[in-house]
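Chain by chain, the residues run as shown.
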Amino acid sequence: MNYAILTNIDKIDSIDFIPTVIVGFYQCGKEKLFSQYTETLKARFPEADIIGSSSESNIYDTIPHLDIDETHICTYMCIEMKKESYTLQFFSTQEKQKILVEENKKYGAIILSASYNNDLEQLITMLQKNIGQNSFFGALAGAEPSKLKEGTIFYNGEYISDGTLVWFIDQEQYLLKGISVHNFDPVGFDLEITRAEGFKIFEIENKPALDMVEEMIGTLDPQSIASYDHPFFITSDKNDKSTERPLSSMLSIDREAKTIMLYKEVSNGDKLKLAIPFNREKQEKQLRRFCDYTTSGGIAFLFVCVAYKGHWGEMEPIYLMHLAKNLRVPFVGFHSLGEIGPLNPQGFSLMQNQTLTLAVLSEK
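Starting from 1, residues in each chain are numbered consecutively following that chain's sequence as written. Given that the model is predicted, a residue must reach a pLDDT of at least 70 before its local features are reported, and side-chain atom pairs must reach 80 or more before they are shown or counted; all residues, however, enter totals for whole chains, interfaces and linings. Side-chain measures here rest on the full set of heavy atoms in the structure, leaving out hydrogens and waters.

Engineer: Kindly report on the overall build of the protein, identifying the contributing residues and their values.
Structural biologist: The helix and strand inventory of the protein stands at seven helices and 25 strands. The principal-axis extents of the C-alpha atoms in the protein amount to approximately 60 × 45 × 40 Å. The buried label goes to any residue with under 20% of its type's maximum accessible area, the exposed label to any with over 50%, and the partly exposed label to all in between, with areas taken from a 1.4 Å probe on protein chains only. Burial status across the protein gives 55% buried among its 364 residues. Any pair of residues with heavy atoms lying within 4.5 Å of one another is described as a contacting pair. In the protein, 81% of the contacts between residues at least 6 apart in sequence involve partners at least 24 apart. For every accessible area listed, the method is Shrake-Rupley and the probe measures 1.4 Å; residues are considered covered only by the protein chains on display. Carbon and sulfur atoms form 47% of the exposed surface of the protein, whose accessible area is close to 15900 Å². Looking at the protein, you have 35 positive and 50 negative side-chain charges, and the mean spots of the two groups are 4 Å apart. Helix and strand assignments come from DSSP, with helices taken as H or I runs of at least 4 residues and strands as E runs of at least 2, each series counted from the N terminus. Residues scored as charged are limited to Lys and Arg (positive) and Asp and Glu (negative), so that His and the chain ends carry no count. To locate a charge, take NZ of a lysine, CZ of an arginine, CG of an aspartate or CD of a glutamate.

Spelled out as structure tokens, the structure:
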């Protein structure tokens with residue numbers, strides 16, 4: 001499987017094969033520049049399928065791994081795959097659709113979604129039933145953390161602000177495997193969310209949500225919220241089949257209304273559990289897990305939550321250096337507003353926050 005990573009469109013002449021799939025990531029707000037670069041790629045490789053997603057910022061496999069100085073605001077993974085080995089399908093939020101894959105075939109999938117809503121959760125459930133409980137990975141389009149609905153995905157030459165693109169990959173010809181990781185353990189008892197609407201929690205155990213949480217962990221200060229120090233583990237009927245609890249980050253609080261805003265929708269009856277950070281030993285063990293996904297000739301996509309970035313701050317490049325050392329395959333990715341993947345190899349791919357989600361693609 002031939003591939004090339006482009007962090008600079010001027011290096012297009014270095015591609016000595018004909019890619020069939022090109023996956024691009026562009027910093028939110030830089031769609032015009034991405035279109036210009038994409039036109040250059042399409043002129044050179046007219047038969048290539050070009051898909052993409054907006055990012056809060058981009059990630060790639062050379063040090064420092066993060067686009068700190070905004071010098072690589074458009075990046076591409078160019079891949080030569082057999083045309084018959086993959087299918088692209090867009091799922092609109094306006095209509096119900098069937099998954100268009102062949103029966104009795106094993107598939108993996110990469111998911112790029114423009115927005116989070118119940119339609120995405122329903123699609124994830126459909127994928128669990130139709131292609132496998134843990135064979136798909138993905139992310140919500142990135143944007144500024146406070147602007148949850150400004151991300152876009154790119155498909156068929158258009159920018160889409162609502163809906164989900166799924167790249168189905170035939171697992172008989174290509175292997176797609178991966179994992180989602182975070183750095184927190186659940187602590188304490190399950191607490192019932194007794195009043196919620198969308199992303200906002202009004203009451204926990206019939207008490208004002210903020211009062212209930214601060215009774216247990218103390219006063220939440222702006223710095224700890226900005227550093228994403230207090231995510232929650234959420235259990236609901238959307239993920240009741242999984243033995244792992246997805247993590248959900250706190251976006252903000254309203255001290256006057258005593259409410260908590262999350263990055264993920266919750267419902268009345270969902271169960272909430274507090275989280276505490278891993279110790280250093282457990283963090284190092286987590287990083288070593290990436291050795292399991294080293295594949296000769298493979299490439300990887302890395303989806304990292306903006307909350308993960310906010311939590312690690314200036315330490316994030318060092319963390320990614322350790323990851324790259326253990327992974328040892330080329331990768332591109334971006335900071336997203338949520339990720340999709342399994343928290344253990346036998347688990348279910350779930351929608352979650354504050355994770356680092358890896359998907360490694362290789363030819364069999």
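Engineer: How would you summarise the pattern of salt bridges if you had to cite specific residues and measurements?
Structural biologist: Salt bridge, as used here, is a side-chain nitrogen of Lys or Arg placed within 4 Å of a carboxyl oxygen of Asp or Glu. Across all of its chains, the model carries nine salt bridges by this definition. Between aspartate 49 and lysine 83 there is a salt bridge; the shortest N-O distance is 3.1 Å. Taken together, the residues aspartate 49 in strand E3 (residues 49–55) and lysine 83 in the loop between strand E5 (74–79) and strand E6 (86–91) connect sequence positions 34 residues apart. The partly exposed category is assigned to aspartate 49, whose relative accessible area is 25%.

Engineer: Can you explain the packing of aromatic side chains? Please cite residues and give values.
Structural biologist: Given two aromatic rings, their pairing is described by the distance between the two centres and the angle made by the two planes. To pair, rings of Phe, Tyr and Trp, with the six-membered ring standing in for Trp, must have centres within 6.5 Å; the planes then decide the type, stacked if under 30 degrees apart, edge-to-face if over 60, and tilted in the middle. All told, the structure shown has 16 aromatic pairs when counted by the stated rule. The interplanar angle of 25 degrees and the centroid separation of 6.4 Å between the aromatic rings of phenylalanine 90 and tyrosine 155 together place this pair among those described as stacked. Separated by 65 residues along the polypeptide, phenylalanine 90 in strand E6 and tyrosine 155 in strand E9 (residues 153–155) bring together distant segments of the chain. Phenylalanine 90 gets classed as partly exposed once you look at its relative accessible area, which sits at 22%. Using a relative accessible area of 17% as the deciding quantity, one classes tyrosine 155 as buried.

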